[in-house]
Amino acid sequence: MGEHLKFLNYSALQKHVRDSLSLHQCPHTFLVVQSQRQERRKSLEKIVSDLQSAYNEAQLTFFEAEESPWSKVCDALMTPSLFGEKQIVVWNGIKALEPQTLEAICFYVLHP
C-alpha cells in the first residue's frame, strides 16, 4: 500500500482496520501514539482483537518498552511465525526510548 494515514480517534482507525481487512488490504504496520497509557493499551487491545478475528492463526507477541529492548522487538518482527502466516507484534510505551532507537523504529515502519 505504501500509504501513511493519521487518525485522530480510535473509532476512525477501527473503521479503517475493519474495512481494509474485509478487502484483504490491511496495512502491515500500525504506529499508535496515545499519551495516556491505559487508553493506549485499550486501543491496542481492540486493534489486536480485530486482527485476530480476521487472522485467527495469527500469533500475538506483546512487549512493554521499559522491559524489552528494540533488538528483541526487531527480532520478533523479522522472524516468521511458527504457528501461522501472520503475526502481531505490539510494543507498548515507546516514548521513553533513546532517539537512535526511535529512528530505527521509524525506519522500520517506513520500510518493513
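Data block above holds the structure.
About the criteria used
- Residues numbered from 1 in each chain as written.
- Predicted model: local features only at pLDDT ≥ 70, side-chain atom pairs only at ≥ 80, totals over all residues.
- Heavy atoms only, no water.
- Axes fitted to C-alpha atoms, helices over the stretch in contact; angles between N-to-C directions.
- Helix = DSSP H or I, 4+ residues; strand = E, 2+ residues; numbered from the N terminus.
- Parallel < 35°, antiparallel > 145°, perpendicular 65-115°, else oblique.
- Left-handed = near helix turned anticlockwise from the far one by under 90°.
- Contact = heavy atoms within 4.5 Å.
- Nonpolar A, V, L, I, M, F, W, Y, C, P; charged D, E, K, R; others polar.

### Regarding the packing of helix H3 (residues 70–78) against helix H4 (residues 99–110)
At a minimum axis distance of 11 Å, the contact between H3 and H4 shows a crossing angle of 15°. Considering the angle they form, H3 stands roughly parallel to H4. The element H3 and its partner H4 pack so that their crossing is left-handed. Every residue of H4 that contacts H3 at Trp70, Leu77 and Met78 is listed here: Thr101, Ala104, Ile105 and Tyr108. Its residues assigned to classes, the contact of H3 with H4 shows 6 nonpolar, 1 polar and no charged.

### Let's talk about the side chain of Ser68
Within the secondary structure, Ser68 sits in the loop between strand S1 (59–64) and H3. Residues contacting Ser68, with those up to four places away along its chain left out, are Phe63, Val73 and Trp91.

No statement about biological role is implied by the geometric values presented.
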